[in-house]
2 protein chains.
Amino acid sequence: MKIAIMGYGNLGRGVECAVGQNDDMELVGVFTRRSPETVKTVSGVPVYPADCLVEKREEIDVLVMCGGSATDLPEQTPEYAKYFNIVDSFDTHAKIPEHFARVDQAAKEGGNVAMISVGWDPGMFSLNRLYAGAILREGRDYTFWGKGVSQGHSDAIRRIPGVKDAKQYTIPVESALNAVRNCENPELTVRQKHTRECFVVAEEGADRVRIEEEIKTMPNYFADYDTTVHFITEEELQRDHAGIPHGGMVLRTGKTGTGGEHNHVIEYSLKLDSNPEFTACVLAAYARAAYRMSREGMTGCKTVFDVAPAYLSPLTAEEMRSRLL
Amino acid sequence: MKIAIMGYGNLGRGVECAVGQNDDMELVGVFTRRSPETVKTVSGVPVYPADCLVEKREEIDVLVMCGGSATDLPEQTPEYAKYFNIVDSFDTHAKIPEHFARVDQAAKEGGNVAMISVGWDPGMFSLNRLYAGAILREGRDYTFWGKGVSQGHSDAIRRIPGVKDAKQYTIPVESALNAVRNCENPELTVRQKHTRECFVVAEEGADRVRIEEEIKTMPNYFADYDTTVHFITEEELQRDHAGIPHGGMVLRTGKTGTGGEHNHVIEYSLKLDSNPEFTACVLAAYARAAYRMSREGMTGCKTVFDVAPAYLSPLTAEEMRSRLL
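Each value, and the rule that gives it
Residues numbered from 1 in each chain as written. Chains lettered and ligands numbered in written order. Predicted model: local features only at pLDDT ≥ 70, side-chain atom pairs only at ≥ 80, totals over all residues. Heavy atoms only, no water. Least-squares fit on C-alpha atoms with pLDDT ≥ 70 in both. Contact = heavy atoms within 4.5 Å. Buried < 20%, exposed > 50% of the residue type's maximum accessible area, 1.4 Å probe, protein only. Helix = DSSP H or I, 4+ residues; strand = E, 2+ residues; numbered from the N terminus. Polar contact = N/O pair within 3.5 Å; in protein donor to acceptor, adjacent residues only side chain to side chain. Core = buried A, V, L, I, M, F, W, Y, C linked by side-chain atoms within 4.5 Å. Pairing = 2+ DSSP bridges. Axes fitted to C-alpha atoms, helices over the stretch in contact; angles between N-to-C directions. Buried area = accessible area lost by both parts, 1.4 Å probe. Salt bridge = Lys/Arg side-chain N within 4 Å of Asp/Glu carboxyl O. Nonpolar A, V, L, I, M, F, W, Y, C, P; charged D, E, K, R; others polar.

K.L.:
Please clarify how the relation of the copies chain B and chain A should be interpreted in this entry.
P.N.:
A rotation about some axis, followed by a shift along it, carries one copy of the chain onto the other. It takes a turn of 180° to lay chain B on chain A, together with a shift of 0.0 Å along the axis; the resulting RMSD is 0.0 Å. The relationship between the two copies is best expressed as a two-fold rotation axis. Among all residues of chain B, the minimum C-alpha distance to the rotation axis is found for Ala308(B), at 1.9 Å. Of the interface residues in chain B, 100% have counterparts in chain A that sit at the interface too, so the contact is made through matching surfaces.

K.L.:
Explain helix α2 (residues 72-80) of chain B to me, please; I cannot follow it from the model alone.
P.N.:
Residues spaced three or four apart along an α-helix face the same direction, because each turn holds 3.6 residues. The complete set of buried residues in α2(B) reads Asp72(B), Leu73(B), Gln76(B), Thr77(B), Pro78(B) and Tyr80(B). Packing partners of the buried residues in α2(B) comprise β1 (2-6), β4 (62-65), β5 (85-87) and α3 (96-110) of chain B.

K.L.:
Explain the environment of Thr143(B) to me, please; I cannot follow it from the model alone.
P.N.:
Residues and elements named next belong to chain B. Tracing the sequence through the fold places Thr143 in strand β7 (residues 139-145). The exposure class of Thr143 is buried, given its relative accessible area of 9%. In this structure, the C-alpha to C-alpha distance between Thr143 and Phe125, residues 18 residues apart in sequence, is 8.2 Å. Residues in contact with Thr143, not counting those within four places in the same chain, are Asp121, Phe125, Arg129, Lys193, His194, Met249 and Val250. There is a polar contact of 3.0 Å between the side chain of Thr143 and the side chain of Arg129.

K.L.:
I keep staring at the nonpolar core and nothing clicks. Help me out?
P.N.:
One finds Met115(A), Tyr286(A), Met115(B) and Tyr286(B) to be the most contacted residues of the largest nonpolar core, which totals 166 residues. Every residue in contact with Tyr286(B), bar those within four places of it in the chain, is listed here: Tyr131(A), Val87(B), Met115(B), Val118(B), Leu127(B), Val304(B), Val307(B) and Leu312(B).

K.L.:
Would you explain the sheet that holds strand β11 (residues 226-231) of chain A in this entry?
P.N.:
One key point about sheets: their strands pair by backbone hydrogen bonds, in either a parallel or an antiparallel sense. Residues and elements named next belong to chain A. The mixed open sheet is built from 4 strands, whose spatial order is β8-β9-β10-β11. Both outer strands of the open sheet, β8 (148-149) and β11, are each paired with one neighbouring strand and no more. As judged from the 2 bridges shared by β8 and strand β9 (residues 163-172), these two strands associate in the antiparallel manner. Following the sheet pairing, Val149 is matched in β9 by Tyr169. Docked against the sheet, helix α5 (residues 151-158) engages β8, β9 and β10 (194-202), running at close to 145° with respect to β9.

K.L.:
How should the interface of chain B and chain A be read in this particular structure?
P.N.:
It is common to report an interface's size as the accessible area lost on association of the parts. Each partner contributes to the interface: chain B provides 65 residues, whereas chain A provides 65 residues. In this assembly, chain B packs against chain A so that about 5,800 Å² is buried in total across both faces, 64% of it on carbon and sulfur atoms. Taken together, the links from chain B to chain A amount to 0 salt bridges. Applying the counting criterion to the chain B and chain A interface returns 29 residue pairs in polar contact (both at pLDDT 80 or more). Those elements giving two or more residues to the side of chain B that touches chain A turn out to be α3, α4 (124-135), β12 (246-256), β13 (262-272), α10 (275-295) and α11 (317-323) of chain B. Broken down by class, the residue content of the side of chain B that touches chain A amounts to 34 nonpolar, 18 polar and 13 charged.

This is how it looks when you write it as structure tokens:
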């Protein structure tokens, strides 16, 4: 199947690599709103201006949207779902219903399959919440994130005057996680579930006490958490914090038996050296599903909940049953 | 939807409890090949002779097969798939393709949906192997079982002359598991992955040295493992080893990036106080899917790979998207 990428940042580069790991996929091009000559792809695949996308329609089976959820995807996904089977990683949880409705209408108009909110959360974590909740009907869900870099929180620190650069790690609280794993069904506040650790490069002469105070009291981002701030040099940030690792766990604990006497723990966990590259791998698998479902005549907006797992695998049904089942 | 149970052992009782946890399901009856008057259900639901099943066809939406994989299911599932939507937990991995073919033919003849090999392995573990393999294309799969009771191994010990009763636990080797989690991609022999611990009640005057030797050298079951044998009293077995816990983990580790420089670990783990009750919960969720897929006009044999996750949940599509995605 022929894949195209719209938007070429960390995620777009990740999709380029992921497509290269799949023998049944071919990358036909990267599309960008920047000047194509300023963009250099890893694999040497050609770069085209975004304006050319629709005219290349016949050469593309699935378009993988690699823009951001804040402003790019809400506009681009409904627009391109008219012309292409698409996959996006829209991750603003609260706005998913609205995004779904707009993309669904566009995809149906165009007769295409549009997979939204594909990645790990939303995505694989959502799937695990669904499976676990359907199995253990009387139980409780817990999601922990980290240890990993939160781009949004790092950006929020960078906006503070006097901050040159920063990286923020979200860290699950081990004791809370263990209480969940031990079926203690704890009620956990925001503060009890995660801590936040910040590595900050201050500008020369900046007031570090004020910066630390501004971080720790920032509403929504840090005020509700136990936050640690470390001031480090630019070199240290480059050397020790260049990566974009992430991960987390989805757990459900539940009871069965005539008197609820048996406890069960379902846990799904991810430990990722590169958040965007892993997300890209999930996008590639769902691109395969979008292509296949479209060829079967399906149309409209889909989420991971609507995709039978078999559509994701390059194996045949017989191979899956004999090797994986 | 109206559920019936065929076969009433640990699994059948588990399904009875699981149905009770699902508001959209009603248990219409338990069917047995024993004399119905000798069978007492937990919930008081009526017990009928297996011979009456087909005549009660109109009252049953999904029949949950609760017999064993050795002799019951290979015969019963194809037989009843002619008349009912069914779910079974057939778990003889090597014979799944053959079972699939026979059930598929019967289910198509009858215009029914027949879900086979539903549970946790095969079942949820299989699903996780599929998802993880579709995402991390360059990587390795590992499955560990335990700590938990293996019924087959316990039975094998009980067949040794001089053994009154026995329970066998399969235990994953922690160091092997950690090597996998650390992305060391170890090559692991059977012996390196699991150990086996046996609790044996010997008959009075039996030769314990011979029994221990017979266990440890038993081909297929124990010879390839580091096995520990403890002789205990019948009272100790009853007191300390009455449960049927199990569980395990499916892991896939893989690499991404232009030079495979980033490692990723996907791990799915189960910790179950009651193996049959958990399996029963999975069967109940897939009974819901079988019912819905049948109402949409689908027919034939299906596995967990063929079922879009949304079919499993009692939530509406909108609820799933807003609460779980």
